[in-house]
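Observations on the model geometry
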Amino acid sequence: MKTMLSAAERRLRLESFGHVTERLENVLKDIPEHAMNLRPNEQDWSIHEIIIHLADIEANGYIRFRKSIAEPTKAVSPFNPTLWCEELSYFNQDRWEALSIFNLLRRSNYHLLKNLPDDSWLHTVHHPEHGMISTEDLLEIQDDHVNEQIDRIITIAKQFAN
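Before going into details, it helps to say that this report is about the structure given with it. (Residues numbered from 1 in each chain as written. Predicted model: local features only at pLDDT ≥ 70, side-chain atom pairs only at ≥ 80, totals over all residues. Heavy atoms only, no water.)

Let's shift gears to the overall build of the protein. Each helix and strand in the protein was counted, giving five helices and two strands. Projecting the C-alpha coordinates of the protein onto the three principal axes gives extents of approximately 50 × 30 × 25 Å. Sorting the 162 residues of the protein into buried and exposed places 44% on the buried side. Across the protein, the fraction of contacts at a sequence separation of at least 24, relative to all contacts at a separation of at least 6, is 78%. Approximately 8700 Å² of the protein is accessible, and the part contributed by carbon and sulfur atoms is 53%. In the protein, the 17 positive side-chain charges and the 26 negative ones have mean positions that sit 4 Å from each other. (Helix = DSSP H or I, 4+ residues; strand = E, 2+ residues; numbered from the N terminus. Buried < 20%, exposed > 50% of the residue type's maximum accessible area, 1.4 Å probe, protein only. Contact = heavy atoms within 4.5 Å. Areas by Shrake-Rupley, 256 points an atom, 1.4 Å probe, with all protein chains shown as cover. Lys, Arg positive; Asp, Glu negative; His and termini not counted. Charge placed at Lys NZ, Arg CZ, Asp CG, Glu CD.)

As structure tokens, this is what we get:
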């Protein structure tokens with residue numbers, strides 16, 4: 001996908017990846033309960049649904065990281081977040097349970113990745129949206145996506161701050 005990160009850049013990225021759970025919890029603690037299930041419009045998810053989504057994407061990341069490391073060059077499964085939200089009834093799922101799942105899987109992924117030998121970062125998988133990508137690319141995609149979702153939560157919370 002791109003050039004490999006330096007060791008220092010990778011350490012910074014890993015720290016962002018590993019500590020995003022604290023960022024998420026700090027954001028969520030200030031959101032009133034009444035704002036959790038409100039959708040900004042028909043197309044956008046509620047904060048509650050985003051939290052469920054975070055657990056699902058981390059579960060997918062859990063498998064994708066391990067596949068990249070243990071079975072390089074294989075394909076990773078796609079998933080359609082919109083269908084998952086509808087068909088898995090995100091609205092009716094327990095967000096605190098989902099947050100616990102997210103935190104546990106993120107911690108597990110972080111501990112796996114922070115101890116990887118350099119050559120494992122070069123292992124690749126075929127990603128359904130990005131083509132052939134490295135373990136390092138997966139780290140960046142996963143970290144960026146979660147941070148984007150937290151930014152969405154902040155934006156939605158501001159809309160319903162009253």
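With that settled, the discussion passes to the environment of C85. Inspection of the secondary structure assignment puts C85 in helix α3 (residues 81-87). For C85, a relative accessible area of 6% corresponds to the buried category. Those residues within four positions of C85 in sequence are excluded, and the remaining contacts are R39, W45, E49 and Y90.

A separate point is unusual backbone geometry. The backbone phi angle of T73 is positive, close to 80°, even though this residue is not glycine. Along the chain, the position of T73 falls in the loop between α2 (47-70) and α3. Here T73 falls in the exposed class, since its relative accessible area comes to 53%. Residues other than glycine seldom take positive phi values, yet S89 does so here, at roughly 50°. On the secondary structure map, S89 appears in the loop between α3 and α4 (95-114).

Attention shifts here to the environment of P81. Structurally, the position occupied by P81 is in helix α3. With relative accessibility at 28%, the residue P81 sits in the partly exposed group. Distance in space between the C-alpha atoms of P81 and E25 is 22 Å, their sequence separation being 56 residues.

Another aspect to go through is α4. If you check α4, its first and last C-alpha atoms are 28 Å apart, about what 20 residues at 1.5 Å a residue would give, namely 28 Å. The inward-facing, buried residues of α4 contact α1 (7-28), α2 and α5 (135-159). Capping the start of α4 is the job of one residue whose side-chain oxygen sits 2.8 Å from the backbone nitrogen of W96: D94. (Expected span 1.5 Å × (residues − 1). Polar contact = N/O pair within 3.5 Å; in protein donor to acceptor, adjacent residues only side chain to side chain.)

Below, the discussion takes up the nonpolar core. Grouped together as the largest cluster of nonpolar side chains are 27 residues, with contacts concentrated most on L24, L28, I31, I47 and I153. Elements supplying a minimum of two residues to this core: α1, α2, α4 and α5. If sequence neighbours within four positions are ignored, I47 has contacts with L28, I31, A35, M36, L38, I153, I156 and A157. Formed by 13 residues, the second largest nonpolar core is a distinct cluster that contains Y110, L113, V125 and L138. (Core = buried A, V, L, I, M, F, W, Y, C linked by side-chain atoms within 4.5 Å.)

Let us look at the packing of α4 against α5. As a packed pair, α4 and α5 sit with axes 13 Å apart at the nearest point and diverge in direction by 150°. Considering their axes alone, α4 and α5 lie roughly antiparallel with respect to each other. In the crossing of α4 with α5, the sense of the turn from one axis to the other is left-handed. Residue-level contacts link F102, R106 and L113 of α4 to T135, L139, Q142, D143 and V146 of α5. (Axes fitted to C-alpha atoms, helices over the stretch in contact; angles between N-to-C directions. Parallel < 35°, antiparallel > 145°, perpendicular 65-115°, else oblique. Left-handed = near helix turned anticlockwise from the far one by under 90°.)

Right, let's get into the packing of aromatic side chains. This structure, assessed with the given rule, holds three aromatic pairs. Arranged with centres 5.8 Å apart and planes meeting at 70°, the rings of W45 and Y90 form a pair that is edge-to-face. In this pair, W45 sits in the loop between α1 and α2 while Y90 sits in the loop between α3 and α4, placing the two residues 45 residues apart along the sequence. Like Y90, W45 is buried. Note that R66 overlies the ring of Y62, its terminal NZ or CZ placed 3.6 Å from the centroid. (Phe/Tyr/Trp six-rings, centres within 6.5 Å; stacked < 30°, edge-to-face > 60°. Lys NZ or Arg CZ within 6 Å of the ring centre and 35° of its normal.)

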